[in-house]
Amino acid sequence: IDAVDMESAAVAACCIDEAVRNVVAVGGDPDHCAILDNFCWGNCEDPAKLGALVRAAEGCRDAARKLGVPFISGKDSLNNEFVTDKGDRIAIPGTLLISSLAIVEDVSRCVTMDLKQPGNLLYLLGRTAPALGGSHYFRLLGFVGNRVPEVDFTLARRTYQALHRAIGKGLVRSAHDCSEGGLAVALAEMAFAGGWGAAVSLAEVARSARLTAADELLFSESPSRL
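The structure displayed is predicted, hence computed values, not measured ones.

How each quantity is defined
- Residues numbered from 1 in each chain as written.
- Predicted model: local features only at pLDDT ≥ 70, side-chain atom pairs only at ≥ 80, totals over all residues.
- Heavy atoms only, no water.
- Phe/Tyr/Trp six-rings, centres within 6.5 Å; stacked < 30°, edge-to-face > 60°.
- Helix = DSSP H or I, 4+ residues; strand = E, 2+ residues; numbered from the N terminus.
- Expected span 1.5 Å × (residues − 1).
- Contact = heavy atoms within 4.5 Å.
- Pairing = 2+ DSSP bridges.
- Axes fitted to C-alpha atoms, helices over the stretch in contact; angles between N-to-C directions.
- Parallel < 35°, antiparallel > 145°, perpendicular 65-115°, else oblique.
- Left-handed = near helix turned anticlockwise from the far one by under 90°.
- Buried < 20%, exposed > 50% of the residue type's maximum accessible area, 1.4 Å probe, protein only.
- Polar contact = N/O pair within 3.5 Å; in protein donor to acceptor, adjacent residues only side chain to side chain.
- Salt bridge = Lys/Arg side-chain N within 4 Å of Asp/Glu carboxyl O.

A.B. asks: Any details on the packing of aromatic side chains? Residues and values, ideally.
C.D. replies: Scanning all chains against the criterion turns up 4 aromatic pairs. For the pair Phe-138 and Phe-143, a centre-to-centre distance of 5.4 Å together with 85° between the ring planes defines the contact as edge-to-face. Feature note: the residues Tyr-137, Phe-138, Phe-143 and Phe-219 constitute an aromatic cluster, connected by ring pairs.

Dropping the structure here:
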């Protein structure tokens, strides 16, 4: 139960980090941002499920405080389980939805994710770590992984504030978050949306010392990156 509980806290923090990152990517102010939660869970009389729910709530609390984003509302849908005619118990996996909203001072400065034109430079903000546990890449390979992505809240806030300043100055033409599928999927989505290709150098990616493999660089789901 303890391992599941701690993973729940880390995953909840990643949910909040991604929600904030999405509004920042289009021009929202990370210092004037608010969030809402929606917990969908199984039978809370099950100690394991209740423990995971409590840890997820604590992860939400800690992430909201450290990122400076208050909860303004929320809801829950608990005990989403039923027993079949054969006596089999079926439960949904614990699921957390975080919605975010932020102030945009000048809507004309908002940006979209599509690549705009050849010659524009691409920058990856944030540090990539070997965070493939629970990733879409591992799921496709049939792996699980034992390293859950963890948020560096200090780095996240600095990154989001810096990007917001750059967007406000009109220095950014496109922005997109790296989330499910990692860098490779984020690049592909930007290319599809804009109708342009991209030439990238993995050697230039800021990374932790432990990360060397190309597939980790491409598909790691480290949080707080754009």
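A.B. asks: Residue-level account of helix α5 (residues 182-194), with values.
C.D. replies: Here α5 is 13 residues long and its end C-alpha atoms lie 19 Å apart, about the 18 Å a rise of 1.5 Å per residue gives. Against the buried residues of α5 lie α6 (214-219). Taken from the residues just after α5, Gly-195 is the one with a positive phi, measuring 75°.

A.B. asks: Summarise the sheet that holds strand β1 (residues 33-40); cite the residues concerned and give the values.
C.D. replies: If you walk across this open sheet you meet the 3 strands as β2-β1-β5, and the pairing is mixed. Edge positions in the sheet fall to β2 (71-77) and β5 (95-102), since each of these pairs with one other strand and no more. Taken over all neighbouring pairs, the strand axes of this sheet differ in orientation by 15° on average, direction set aside. Against the sheet, helix α2 (residues 47-67) touches β1, β2 and β5, its axis set at about 175° to β1.

A.B. asks: Residue-level account of the packing of α2 against helix α4 (residues 153-168), with values.
C.D. replies: Where α2 meets α4, the axes come as close as 9 Å, and the angle between the chain directions of the two elements is 45°. On the basis of the axis angle, α2 is oblique to α4. Taken as a pair, α2 and α4 cross one another with a handedness that is right-handed. Within the contact between the two elements, α2 uses Ala-63, Lys-66 and Leu-67 and α4 uses Phe-153, Ala-156 and Arg-157.

A.B. asks: Give me the lowdown on α2, citing residues and values where you can.
C.D. replies: Here α2 is 21 residues long and its end C-alpha atoms lie 30 Å apart, about the 30 Å a rise of 1.5 Å per residue gives. When we look at burial in α2, the residues that qualify are Gly-51, Ala-52, Leu-53, Ala-56, Gly-59, Cys-60, Ala-63, Ala-64 and Leu-67. N-capping of α2 is provided by Asp-46, with a side-chain oxygen placed 2.9 Å from the backbone N of Ala-48.

A.B. asks: Give a description of unusual backbone geometry that names residues and reports values.
C.D. replies: Backbone geometry at Asn-79 places phi at a positive 60°, although glycine is not the residue there. Looking at the secondary structure, you find Asn-79 in the loop between β2 and β3 (81-83). The backbone of Ser-224 sits at a positive phi, close to 65°, despite the residue not being glycine. Locating Ser-224 in the fold gives a position in the segment after α6.

A.B. asks: Tell me what's going on with the pattern of salt bridges, and back it up with residues and numbers.
C.D. replies: Two side chains bearing opposite charge may form a pair once their charged atoms approach each other closely. According to the stated counting rule, one finds 9 salt bridges in the structure shown. Here Asp-17 and Arg-21 are joined by a salt bridge, their closest N and O atoms 2.8 Å apart. One end of the pair is Asp-17 and the other is Arg-21, both in helix α1 (residues 2-26) and 4 residues apart, which spans about a single turn. Of the two residues examined, Asp-17 and Arg-21, each falls in the buried class. A salt bridge links Lys-116 to Asp-114; the shortest N-O distance between them is 3.3 Å. Counted as one network, the salt bridges with shared partners bring together Asp-46, Lys-49, Glu-81 and Arg-89.

On their own, these measurements won't tell you what the molecule is for.
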